[in-house]
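Structure assessment
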Amino acid sequence: MNWLPNKRSQNSSIGDKNHLVRWTSTTTSQVIKLMICLVGTGMFLSGDMDSLKLNSWASASSKQIASKINQIANDITVKVSDQDFLGSGFIVQQSGQKYLVLTNQHVLRAGSAPYTIETANGHVYPANIVTGISDRNYDYDLAILEFTADQTYPTAKLGSSLFLEVGEPIFAAGFPYNQSAAPAPPMSDQPESIDQFRGLNIKQGRIAIILKQALAEGYQIGYTNDVQKGMSGGPLLNSQGEVVGVNGKHAYPLWESPEVYQDGSEPCPALQELITRSSLAIPIEKSIELKPQLKSLPSASDSGTVPKANFSDQNSQLVTRMQAEARETQRQCQDYSRSN
């Protein structure tokens, strides 16, 4: 039995939380249209393993891709502070001299106003909360800050989390605190990139899971990247340099309580274990609920589209193993559901 329906013919319901299915979309505009109805439904691990085309992506040097991603991440990722460093964020929109920065609510709650934003060139600007931290009816760990600058800064290109596959290369950017990091999750086959001057880290890894039913505060994307404290609020980028999520949780959290879905239910034990050893991000689509007019703007430093990496260009055995683990997790969750 196939785990997921074929992408081209997927018309079945996505509301059954005991089945693992995959989001699908054919155009970027559908992301916005579908985002509201996708929230809070079902559970799944991403990837149609029978129809996954490992060689469908255009070939590109991993060094070329990493270099381009590093440039993009450096351009858009900012530090968020009050009197002290609080966490990370990234620029998502420009309107005249005003810029919007997306970050996590918990980053802002770790401090207090007034906040500041430090950009890639080291300039520091006062920042005001636009929305998120005081919106009691907003369920996601996202917030938006605004700052004013008399110079031009690049903005993120927003992608789609709907197209992510288990095993796909992914890049997490942010500014770690100068303290011991959480244990590195397994199966991260990529090195990290560090901007020594700014302290920006770009951690490379692969998609491990995607949950259709959001965990508390909107977390749905799991990946092997060694995200550390302080990188919360930073961008999660695909291999084309598009932001597909917002970093928010590192693997192996210190607290022992299990993750729960937004409806209060818990993932099956096998999935819970996979979640625990994965870093977690909130899909970028959920930021549109926070501020519907958010849109991707061309980056001032954009020099062309980043070619999409080939799944099999570096470690096909790793990808195969990750996909096999996802299949086995899906099977165990189905057995657990039947027995309970």
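Examining helix α4 (residues 269-276)
- A270, L271, Q272, L274 and I275 are the residues of α4 that are buried.
- Those residues of α4 hidden inside the fold are in contact with β9 (200-210), β13 (279-283) and α6 (316-339).

Some words on the pairing of strand β5 (residues 124-131)
- Across four bridges, strand β4 (residues 115-118) lies against β5 in antiparallel orientation. In the sheet register, T116 faces β5, and the bridge partner there is P126.
- Counting the residues that bridge the hairpin from β4 to β5 gives five residues, and of these G122 lies at a positive phi of roughly 85°.
- Relative to strand β6 (residues 143-148), β5 runs antiparallel, the two sharing three bridges. Counted as the bridge partner of T131 is I144 from β6.

Considering the nonpolar core
- In terms of nonpolar packing, the biggest core is built from 39 residues, with F90, L102, L142 and V243 touching the most fellow members.
- Elements with a contribution of two residues or more to this core: α2 (62-76), β2 (85-95), β3 (98-103), β7 (169-174), β9, β12 (243-249), α4 and β13.
- The dominant element in this core, judged by the number of residues it contributes, is α2, at five residues.
- Apart from residues no more than four positions distant in its own chain, L102 is found in contact with G89, F90, V92, L142, A143, I144, G233, V246, I284, S287 and L290.
- Listed in part, the 17 residues of the second largest apolar core include L86, Y125, A149 and Y153.

A few points about the environment of V130
- The topology assignment puts V130 in strand β5.
- Using a relative accessible area of 34% as the deciding quantity, one classes V130 as partly exposed.
- Along the sequence, V130 and K291 sit 161 residues apart, while their C-alpha atoms lie 9.2 Å from each other.

Quick word on unusual backbone geometry
- Of the consecutive residues A113 and P114, the connecting peptide bond is found in the cis state with omega at 5°.
- For E217, which is not glycine, the phi dihedral falls at a positive 70°.
- By the secondary structure assignment, E217 is in the loop between β9 and β10 (221-223).
- Of note in the backbone geometry, Y252 takes a positive phi value of approximately 50° without being a glycine.
- Inspection of the secondary structure assignment puts Y252 in the loop between β12 and α4.

Side note on the state of the cysteines
- Evaluation of the coordinates by the stated rule reveals one disulfide.
- Disulfide partner of C268: C333, at an S-S distance of 1.9 Å. On the sign convention where negative means left-handed, the S-S torsion of about -55° between C268 and C333 marks this disulfide as left-handed. In this pair, C268 is assigned in the loop between β12 and α4 and C333 in helix α6, connecting sequence segments 65 residues apart.

Concerning the packing of aromatic side chains
- On inspection of all chains with the given rule, the structure shows six aromatic pairs.
- Taken together, a centroid distance of 5.2 Å and an interplanar angle of 15° make the contact between Y99 and F147 stacked. Of this pair, Y99 sits in strand β3 while F147 sits in strand β6; the two residues are 48 residues apart in sequence, bridging distant segments of the chain.
- When the ring of F147 is compared with that of Y153, the centres are 6.2 Å apart and the planes differ by 65°; the resulting orientation is edge-to-face.

Considering the sheet that holds β6
- Sheet architecture is closed into a barrel: six strands sit in the order β1-β2-β3-β6-β5-β4, paired in antiparallel fashion. The average angle at which neighbouring strand axes cross in this sheet is 40°, direction not considered.
- Sheet strands touched by α2: β1 (77-81) and β2. Its angle to β1, the strand with the most contacts, is close to 35°.

A few points about the pattern of salt bridges
- Across all of its chains, the model carries six salt bridges by this definition.
- Between E259 and K249 there is a salt bridge, with the nearest N and O atoms lying 3.2 Å from each other. Separated by 10 residues along the polypeptide, E259 in the loop between β12 and α4 and K249 in strand β12 bring together distant segments of the chain. The burial state of E259 is the same as that of K249; both residues are buried.
- Members of the salt-bridge network, linked through shared partners, are E328, R331, D335 and R338.

Cut-offs and rules
- Residues numbered from 1 in each chain as written.
- Predicted model: local features only at pLDDT ≥ 70, side-chain atom pairs only at ≥ 80, totals over all residues.
- Heavy atoms only, no water.
- Buried < 20%, exposed > 50% of the residue type's maximum accessible area, 1.4 Å probe, protein only.
- Helix = DSSP H or I, 4+ residues; strand = E, 2+ residues; numbered from the N terminus.
- Contact = heavy atoms within 4.5 Å.
- Pairing = 2+ DSSP bridges.
- Core = buried A, V, L, I, M, F, W, Y, C linked by side-chain atoms within 4.5 Å.
- Disulfide = S-S within 2.5 Å.
- Phe/Tyr/Trp six-rings, centres within 6.5 Å; stacked < 30°, edge-to-face > 60°.
- Axes fitted to C-alpha atoms, helices over the stretch in contact; angles between N-to-C directions.
- Salt bridge = Lys/Arg side-chain N within 4 Å of Asp/Glu carboxyl O.

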